[in-house]
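# Examining the three-dimensional arrangement
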Amino acid sequence: MTTLPPAQLRRYRAMLAPGTPLRDGLERVGRGRTGALVVLGSNRQVEQVSTGGFRLDTPLTPMALRELAKMDGALVLSSDQSRIVAAGVHLMPDAAIPTLETGTRHRTADRVAHQTGVGAVTVSASMATIALFLADGRHAVEPSGVILSQADQALRTLERYAVRLRALLNKLSSLEVQDQVTVKDVVLVLQRLEMVRRLELELEEYVVALGTDGRLLQLQTRELDTGGLEVAELVARDYGSETLTLDPSALHGLEMSALLEPTVVARTVGFSEDDHLDSRLSAHGHRQVAQIERLPAALGERLLAHFGGLQALFSASRAQLQEVEGVGEQRARTIREGLIRVAESAYTERPV
């Protein structure tokens, strides 16, 4: 089975999203119960398997697609899917290409997609369902209502995950202030960040598949943006060292069953066999310093480099802060107040 790049599948889903001329035309065909086979592009391989039909080169509109689909044969679109270049075409792909499809229209679309590398879409005359055929097989084109229902479930799950992630980050902050962090505390945060990332990607796919119907979903998803990639990078820097490089992106390929195991997550991101889940860690302080308002990132790096870690920075006086290049009396006061707020927040927001 051919593996299709995610970007290519997303492009086809966007092409067939509600509100596009192609999707409107296919839905008209479905309501008319006539069926259709549409090749979503034209190249030399498509021309080689095409015989007969009529050359048209007319703009793709829902009405044109509906009327031309009444003819026997397939429709062929231009490479940019903006025009119908041929109608009534008889497609003759290689019969030796294996397929599990039984209907003539679906079987032909499956083989054409495999042989030419160009997607093909069918509308069932009897069931009015739409199916997309690509080099990696068949993909159902769900109605907007079905996608919205699935997206709503994913959105509610993301809301719960985001709440849990905030609780874990608050707990981690509290433990960092007390210098009581363990490997397990870090692993649980990275584990939840990866779960949130996967849900955000799933919701992005729903937004693409919904087209014009996905605007509200997109706004809701943005409201729940956790900044997960940035947080994961800061956590990795906080607990990495010259001998330990943490890589949260290594979790991207884990199966969900493995992702639920803290020990597996720990080994995957880079912790060694000697780093047990209850092993103590000390934070460098990158994530905490990043929470201080109006503090330039470069200055935050100099502060941590000067004091050598979060605990030493917390205990630094304003006079000691002014020893760092770029820190004057006013900036030292701002930094000191910011550190106090970060520490207080870590305690007051700590979950019971």
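Use the structure listed above.
Keep in mind that what you see is a predicted model, and the values were worked out from it rather than measured. (Residues numbered from 1 in each chain as written. Predicted model: local features only at pLDDT ≥ 70, side-chain atom pairs only at ≥ 80, totals over all residues. Heavy atoms only, no water.)

So, about the overall build of the protein. The secondary structure content of the protein amounts to 16 helices and 10 strands. Here the C-alpha radius of gyration of the protein, 28 Å, is well above what a compact globule of 352 residues would show, namely 20 Å. Overall size of the protein, expressed as C-alpha extent along the three principal axes, is 85 × 45 × 40 Å. Relative to its 352 residues, the protein shows a buried fraction of 47%. (Helix = DSSP H or I, 4+ residues; strand = E, 2+ residues; numbered from the N terminus. Rg over C-alpha atoms; globule rule 2.2 N^0.38 Å. Buried < 20%, exposed > 50% of the residue type's maximum accessible area, 1.4 Å probe, protein only.)

A word on the packing of aromatic side chains. Scanning the model with the defined rule gives 0 aromatic pairs in all. A cation sits over an aromatic face here: R11 above Y12, 4.7 Å from the ring centre. A cation over an aromatic ring shows up here: R192 above the ring of Y161, its NZ or CZ 4.8 Å from the ring centre. (Phe/Tyr/Trp six-rings, centres within 6.5 Å; stacked < 30°, edge-to-face > 60°. Lys NZ or Arg CZ within 6 Å of the ring centre and 35° of its normal.)

Following both chains from N to C, one finds helix α7 (residues 183-210) and helix α8 (residues 215-223) inclined at 160°, their axes separated by 9 Å at the closest point. Between α7 and α8, the angle falls in the class roughly antiparallel. Handedness of the crossing formed by α7 with α8: left-handed. Contact residues: α7 offers L203, Y206, V207 and L210, while α8 offers L217, Q218 and T221. Of the residues contributing to the contact of α7 with α8, the split by class is 5 nonpolar, 2 polar and no charged. (Axes fitted to C-alpha atoms, helices over the stretch in contact; angles between N-to-C directions. Parallel < 35°, antiparallel > 145°, perpendicular 65-115°, else oblique. Left-handed = near helix turned anticlockwise from the far one by under 90°. Contact = heavy atoms within 4.5 Å. Nonpolar A, V, L, I, M, F, W, Y, C, P; charged D, E, K, R; others polar.)

In a regular helix each residue adds 1.5 Å, so 12 residues correspond to 16 Å; helix α9 (residues 228-239) covers 17 Å between its end C-alpha atoms and thus fits that length. Of the surrounding secondary structure, the elements contacted by the buried residues of α9 are α6 (144-178), β9 (181-182), α7, β10 (280-281) and α12 (286-290). (Expected span 1.5 Å × (residues − 1).)

Nonpolar side chains in soluble globular proteins generally cluster together in the buried interior. Grouped together as the largest cluster of nonpolar side chains are 64 residues, with contacts concentrated most on Y239, F271, L303 and L321. When contributions to this core are tallied by element, the ones reaching two or more residues are α6, α7, α9, α10 (256-259), α11 (262-269), α13 (297-307), α14 (310-314) and α16 (329-348). When residues of this core are assigned to their parent elements, the largest contribution, 14 residues, is made by α7. Every residue in contact with F271, bar those within four places of it in the chain, is listed here: V183, V186, V187, L244, L246, A266 and L281. Residues L26, L40, A69 and V141 belong to the second largest nonpolar core, which totals 25 residues. (Core = buried A, V, L, I, M, F, W, Y, C linked by side-chain atoms within 4.5 Å.)

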